[in-house]
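What follows is each chain in one-letter form.
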Amino acid sequence: MAPARTTEVDFTQFYNIVNGEKRSSKEFLHGFNPSTQQDLWDVPIASAKDIEDTIQAAKTAFKSWSKTTLQERSVLLKKYAAAIKPYLGDLGDLVMKEIGKPKGFAHHEAHYACAEAFEFFTNLTLEDEVVQGEDREYVLRYQPLGVVAAICPWNYPLGQATMKFLPGLMAGNTVIVKPSPFSPYSALKLVEIAQGILPPGVLSVLNGNDNLGPLLTTHPSIAKISFAGSVATGKKIAEAAAKTLKRVTLELGGNDATIVCKDVDIEKAAPQVILGAFFNTGQVCAGTKRIYIHEDIYPQFLEAIAKAARSFKVGASDAEGVTIGPVQNEMQYNKVKSIFEDSKTQGHKTIGNGAVIDKKGFFFEPTIVDQPPANSRIVTEEQFGPIVPSMPWSTEEEVIELANDSEMGLGASVWSNDLDQATRIAKQLDVGSVHINSMEKVSIKIPFGGHKESGIGVEGGPGAIKTYCDLQVLHYYKAGDAQVH
Ligand code: NAD
């Protein structure tokens, strides 16, 4: 039996949430369903006053929210999780429509982000740590920062929002979510459901145009920016945040290498390797962006990944059995097409046509580029779509150098039946996460972050709440015993 709906939520009207209230605006934007290119609903663009009111309400709410105990905050967030539960299907449908994510994957995101993430983050604890010194006792405690802006990309609109606001709120901060204007719908509704459960101003959401992000990153009353998005925007945010020394967590792009050793079981490994590249239509930060296959098995493995790629059904997000939906937006679609066209112009061999499959949506046939040179666009850029290069390698030293030859360092995969070899390779990769004998799978339960230009800091894991705190140390002497030194 479906859980009872305790509040009435209208999934066709969208609002900013300012100081606990729904607010519309004089100006609107709207997204597109990437499967059909049809307009989706209007969403209000926050005005300068809406933004200022939201920040001031969050600042005011912080005074009392930060004084509640972790336990009290956990209880309220669990109540919020219960209120979301009847709407998980509706939220999944919104993700399906705004991203073009195949239905099963969209509903999985809703469940993972809005049920499992709540379960994980609301059960985290944060204790003071006591250290005995020679002449004193130290207590290390973690204080919330103030108002946090959670700036999100379009590819996982619910997952990215809850990964940020849940540990942020558990720490005692107040949070303003800023979804991507390409996919604002599910995050707006999710935050709307919190109202009436969390005190006004504790969790807000603002949709905006290009002005909103910079306004948040330069505002003196915002203490931390928790950001996921491109490297280019991450650099702008770091620069803006430096002016007021805001705390920043930057989760940025990747150009992740998958390294396939010669002893793998080709039939078993190949379908997973290629799914690691094309999952979510290739629009995953920690997804395979380059495939390096040992030269001894290169032709057989290439054929096996090509066969697996051909078996993935490409189509509209609500069609049955679809693995690969459309690219999410026209800008990204044009980028993927231009990388494909560059490969064609350079004379690279391609498997798959890069063709427009359905004129209505932003569909792109999954494509493998066979042995492009190391300096070609398809190898050096984050393509973020269903096109991936495949190259042979001969020595470990060579493949490690090739894999590390990127400004980015988010993740990687190594496939080998020899765990010593896999570990030896993995330890030499300059990336945040290495998956051995699996495609990359991000878990909220484990810290996730990038090396080099893929970011600063980590998200998730048992220490997630601390990443939304400053450390304070209390030094306890027995009264009158303190020495001058
Ligand atoms: P993007 O950088 O274009 O936008 C991300 C967010 O930043 C959006 O909400 C956008 O409106 C906002 N923004 C844009 N300019 C801004 C500015 N000057 N100041 C403040 N905010 C600004 O990224 P995108 O296209 O939405 O997402 C795709 C990128 O995100 C890819 O590179 C992908 O790898 C990366 N990503 C990284 C992670 C991670 O955890 N490492 C997760 C998801 C996506």
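Conventions we followed
- Residues numbered from 1 in each chain as written.
- Predicted model: local features only at pLDDT ≥ 70, side-chain atom pairs only at ≥ 80, totals over all residues.
- Heavy atoms only, no water.
- UniProt positions renumbered as here; feature names shortened; annotations may be inferred.
- Near = heavy atom within 4 Å.
- Polar contact = N/O pair within 3.5 Å; in protein donor to acceptor, adjacent residues only side chain to side chain.
- Areas by Shrake-Rupley, 256 points an atom, 1.4 Å probe, with all protein chains shown as cover.
- Helix = DSSP H or I, 4+ residues; strand = E, 2+ residues; numbered from the N terminus.
- Nonpolar A, V, L, I, M, F, W, Y, C, P; charged D, E, K, R; others polar.
- Domains from an automatic or database assignment.
- Buried < 20%, exposed > 50% of the residue type's maximum accessible area, 1.4 Å probe, protein only.
- Contact = heavy atoms within 4.5 Å.
- Arc of directions from axis to C-beta.
- Pairing = 2+ DSSP bridges.
- Expected span 1.5 Å × (residues − 1).
- Axes fitted to C-alpha atoms, helices over the stretch in contact; angles between N-to-C directions.
- Core = buried A, V, L, I, M, F, W, Y, C linked by side-chain atoms within 4.5 Å.

In the nomenclature of an unreviewed UniProt entry, the chain corresponds to aldehyde dehydrogenase (NAD(+)) from the organism Mytilinidion resinicola. If you open the UniProt record of the chain and go to Sequence similarities (unreviewed entry), you find "Belongs to the aldehyde dehydrogenase family."

Let's talk about the site of the ligand
Residues in close proximity to the ligand total 27 residues, the closest being Cys 152, Ser 230, Thr 233, Leu 252 and Glu 382. Here an oxygen atom of the ligand sits 2.7 Å away from a polar atom, N or O, in the side chain of Thr 233. Considering the ligand on its own, with 860 Å² of exposed area, one finds that the protein chains cover 86% of that surface. Broken down by element, the shell around the ligand gets its largest block of residues, three residues, from helix H8 (residues 231–242). Tallied by class, the residues present in the shell around the ligand amount to 15 nonpolar, eight polar and four charged. In terms of domain composition, the shell around the ligand takes at least three residues from each of domain 1 (16–252 + 454–472) and domain 2 (256–436).

Quick look at the side chain of Ser 433
For Ser 433, the location among the structural elements is in strand E19 (residues 433–436). Classification of Ser 433 by relative accessible area gives buried; the value is 14%. Setting aside its immediate chain neighbours within four residues, Ser 433 contacts Leu 410, Gly 411, Ala 412 and Phe 448.

What about helix H13 (residues 396–404)?
Three or more residues of H13 are buried, namely Val 399, Ile 400 and Ala 403. In an axial view of H13, the angular spread of the buried residues amounts to 100°, which keeps them on one side of the axis. In this structure, H13 carries Glu 397 and Glu 401 as exposed residues pointing more than 90 degrees from its buried face. The secondary structure elements touched by the buried residues of H13 are strand E12 (256–260), strand E13 (288–294), strand E16 (387–393) and helix H14 (419–427).

Description of the environment of Ile 291
Among the secondary structure elements, Ile 291 is positioned in strand E13. The buried category is assigned to Ile 291, whose relative accessible area is 0%. In sequence terms Ile 291 and Asp 256 are 35 residues apart; their C-alpha atoms lie 8.7 Å from each other. Those residues in contact with Ile 291 that lie beyond four places of it in its chain are Thr 258, Val 273, Ile 274, Ile 305, Val 388, Pro 389, Ser 390 and Met 391.

Overview of the pairing of E16
A regular strand places its side chains on the two faces of the sheet in alternate fashion. Of all seven residues that make up E16, six are buried, and the element is covered over most of its length. In this sheet, E16 lies alongside E13 in parallel orientation, the contact comprising four bridges. Bridged to Tyr 292 within E16 is Met 391. By the bridge criterion, four bridges tie strand E15 (residues 367–370) to E16 in an arrangement that is parallel. Bridged to Ile 368 within E16 is Val 388.

Some thoughts on H8
For H8, spanning 12 residues, the distance from its first C-alpha to its last is 16 Å, which sits close to the expected 16 Å at 1.5 Å a residue. On its buried face, H8 sits against strand E7 (147–151), helix H7 (212–218), strand E10 (222–228), strand E11 (247–251) and strand E17 (408–409).

So, the sheet that holds strand E6 (residues 137–144)
As summarised here, the arrangement of the three strands in space is E5-E6-E22, forming an open sheet in which the pairing is antiparallel. Because the sheet does not close on itself, it has two edges, and the strands there are strand E5 (129–132) and strand E22 (469–476). On average, each strand axis in the sheet is tilted by 25° relative to the strand beside it, whichever way the strands run. As paired elements, E5 and E6 share four bridges and run antiparallel to each other. Within E6, the position partnered with Glu 129 by the bridge is Leu 140.

Some details on the pairing of strand E3 (residues 28–33)
One ladder, built from five bridges, connects E3 with strand E4 (residues 38–44); its direction is antiparallel. Residue pairing in the sheet places Leu 29 in a bridge with Val 43 of E4. Hairpin connection between E3 and E4: a loop of four residues separates the two successive antiparallel strands, and Gln 37 in this loop has a positive phi of roughly 65°.

Quick look at the sheet that holds E13
As summarised here, the arrangement of the seven strands in space is E14-E15-E16-E13-E12-E18-E19, forming an open sheet in which the pairing is mixed. Each edge of the open sheet is held by one strand with a lone partner, namely strand E14 (349–351) and E19. Each strand of the sheet is rotated relative to its neighbour by a mean of 25°, with strand direction disregarded. The strands that helix H10 (residues 298–311) touches are E12, E13, E14, E15 and E16; relative to E13, the one it contacts most, it runs at about 145°.

Looking at the nonpolar core
Tyr 80, Ile 84, Phe 165, Leu 169, Val 177, Leu 198 and Leu 203 are the most contacted members of the largest nonpolar core, which has 62 residues in total. The element best represented in this core is helix H4 (residues 103–121), accounting for eight residues. With near-sequence residues (within four places) excluded, Leu 203 lies in contact with Ile 17, Tyr 80, Phe 165, Leu 169, Val 175, Val 177, Val 191, Ala 194, Gln 195 and Leu 198. Residues Phe 362, Ile 378, Val 414 and Ala 422 belong to the second largest nonpolar core, which totals 26 residues.

Focus on the UniProt feature "active site" (unreviewed entry) in the chain
With numbering aligned to this structure, UniProt lists the feature "active site" (unreviewed entry) at Glu 251. Assignment of secondary structure puts Glu 251 in strand E11. Exposure remark for Glu 251: the relative accessible area of 5% places this residue in the buried category. Look past the residues within four positions of Glu 251 in its chain and what remains in contact with it is Phe 227, Ala 228, Gly 229, Phe 448, Gly 449, Gly 450, Ser 454, Gly 457, Val 458 and Glu 459.

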